[in-house]
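Chain and residue survey
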Amino acid sequence: MLTKTKIWLSSPHMGGTEQKFVNEAFDTNWIAPLGPNVNGFENDLREYLGDDDYVAALSSGTAAIHLALQLLGVTTGDEVLCQSFTFSASANPIMYQGATPIFIDSEPETWNMSPELLEIAIKDRIEKYKKPKAIIAVHLYGMPYKANEINAIAKRYDIPVVEDSAEALGSTYFNQKCGTLADLGIISFNGNKIITTSGGGALVTKNIKLKEKAVFLATQARDDAPHYEHSSVGHNYRMSNVLAGIGRGQMEVIDDRVKARRQNFEFYKNNLAQNPVIEFLEEPQGFFSNRWITCIKTPSFEFREGLRLALQDDDIESRPLWKPMHMQPVFKDYLAFTNGVSETLFNNGLCLPSGSNLTQDDLNRVLNIISKTLKS
């Protein structure tokens, strides 16, 4: 009896040339967290994002956010405004610094940080003599946030923005690459991302001095001396030369990966959008999403759960949309400016299998289960 293979939500997809760069690391014994692949990967990313940007390859996107907050001087007692509708890695580094997160709900057009609520929150904190130290805005599921509006508000109140582009490499906002739209940008290369280094991330900045300081902090803050001298507390956050080799191979196929993810979205939309109970997130004018994950909005929690469980019964992975940070037990006591948008999306929304290595048979199988469920 033939058994069905599991269909994953977003599995790694190797292009074939990654092994060449990894073999070079082994052949030259560059296994440490520095070396030709690290430098080459940073250069590949810089060329892709734009020559005005400098890139530090790191151990994770979370590490990149942590370093970004340190570079901005966020410390104990500070407040940081953070998008609520996101993965916890966006918010956890605020806690690492001993700072206080304040969560901002979403707007319905992109599901990202609401500029209106952001400004309300800033005014509220200033009135209470506590001007926020930074803003963390997220391009959720690859859809760019409203960067012009967010940046204008940030500039008005002189608050720097950390652009969480963990899910949005390959997305653009009015033809500018996501990751380059704010004071500091971060990217993730986790195993489920549009390209992967197994585990890894990057910090993006237009200031070479900030890049150099990030690398300094990421390599245990070792001072320039013949012995181990430390005048600052550092981290072990640098990417290894082996993993950077995987990244170099992945950069050769990134355009193909974006194309495949967008084709997945179009397949689902073309076959399901005519059903009035299924809603898709459309791109506003000037927004280009890599469609890292195709998401749908359903009429209710019960409907969404029925669909998720039907897919699960056929060994197909799907997942509810992110549970907002202001609803998480760990953050329940922190201030949040909400409007109900992210809570509704969490209750009613579902992520569909979106890997760039899905076959047409895989997509048809997912569609078949959804179609049967819609008819039942």
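Located above this text is the structure these notes cover.
Reading the values: rules and limits
Residues numbered from 1 in each chain as written. Predicted model: local features only at pLDDT ≥ 70, side-chain atom pairs only at ≥ 80, totals over all residues. Heavy atoms only, no water. Pairing = 2+ DSSP bridges. Helix = DSSP H or I, 4+ residues; strand = E, 2+ residues; numbered from the N terminus. Phe/Tyr/Trp six-rings, centres within 6.5 Å; stacked < 30°, edge-to-face > 60°. Buried < 20%, exposed > 50% of the residue type's maximum accessible area, 1.4 Å probe, protein only. Lys NZ or Arg CZ within 6 Å of the ring centre and 35° of its normal. Salt bridge = Lys/Arg side-chain N within 4 Å of Asp/Glu carboxyl O. Axes fitted to C-alpha atoms, helices over the stretch in contact; angles between N-to-C directions. Parallel < 35°, antiparallel > 145°, perpendicular 65-115°, else oblique. Left-handed = near helix turned anticlockwise from the far one by under 90°. Contact = heavy atoms within 4.5 Å. Nonpolar A, V, L, I, M, F, W, Y, C, P; charged D, E, K, R; others polar.

Structural notes on the sheet that holds strand β3 (residues 100–104)
Reading across from one edge, β1-β9-β8-β5-β4-β2-β3-β14 is the order of the 8 strands in this open sheet, with mixed pairing throughout. The sheet terminates laterally at β1 (54–58) and β14 (336–337), the two strands that pair on one side only. With 3 bridges joining them, strand β2 (residues 79–83) and strand β4 (residues 134–138) adopt parallel strand pairing. The residue bridging Cys82 from the neighbouring strand is Ile136, located in β4.

A closer look at the packing of aromatic side chains
Per the stated rule, a full pass over the model turns up 11 aromatic pairs. With a centroid separation of 6.3 Å and an interplanar angle of 20 degrees, the aromatic rings of Tyr141 and Trp292 are classed as stacked. Linking Tyr141 in the loop between β4 and α6 (147–156) with Trp292 in the loop between β11 (287–288) and β12 (294–297), this pair joins segments that are 151 residues apart in sequence. This pair shows no difference in class: Tyr141 is buried, exactly as Trp292 is. Between Tyr173 and Phe174, the ring centres sit 4.9 Å apart and the planes meet at 85 degrees, which makes this aromatic pair edge-to-face. Members of the aromatic cluster, joined through ring pairs, are Phe87, Tyr141, Trp292 and Trp322. The positively charged end of Lys6 is found above the aromatic ring belonging to Trp8, 4.9 Å away from the centroid. Stacked on the ring of Tyr48, the Lys or Arg Lys177 has its end atom at 3.7 Å from the ring centre.

Side note on the pattern of salt bridges
Taken as a whole and judged by the stated rule, the model has 20 salt bridges. Between Lys4 and Asp314 there is a salt bridge, with its nearest N and O atoms 2.8 Å apart. Note that Lys4 is positioned in the segment before α1 (18–27) and Asp314 in the loop between α10 (301–313) and β13 (319–320), a separation of 310 residues in sequence. Of the residues examined, Lys4 reaches a relative accessible area of 54% and is grouped as exposed. Among the residues examined, Asp314 registers a relative accessible area of 12% and is labelled buried. The partner of Glu119 in a salt bridge is Arg156, and the shortest N-O contact between them spans 2.7 Å. Of the two residues, Glu119 sits in helix α5 (residues 115–127) while Arg156 sits in helix α6, which places them 37 residues apart along the sequence. Connected via shared salt-bridge partners are Glu79, Asp124, Arg125 and Lys128.

Description of the packing of α1 against helix α8 (residues 241–251)
Contact pair α1 / α8: the axes reach a minimum separation of 7 Å and the direction vectors enclose 155 degrees. In terms of orientation, α1 lies roughly antiparallel with respect to α8. As for the relative orientation of α1 and α8, their crossing is right-handed in sense. On α8, the residues that touch Glu18, Phe21, Val22, Ala25 and Phe26 of α1 are Asn241, Val242, Gly245, Ile246, Arg248, Gly249 and Gln250. Here the residues of the contact of α1 with α8 sort into 6 nonpolar, 4 polar and 2 charged.

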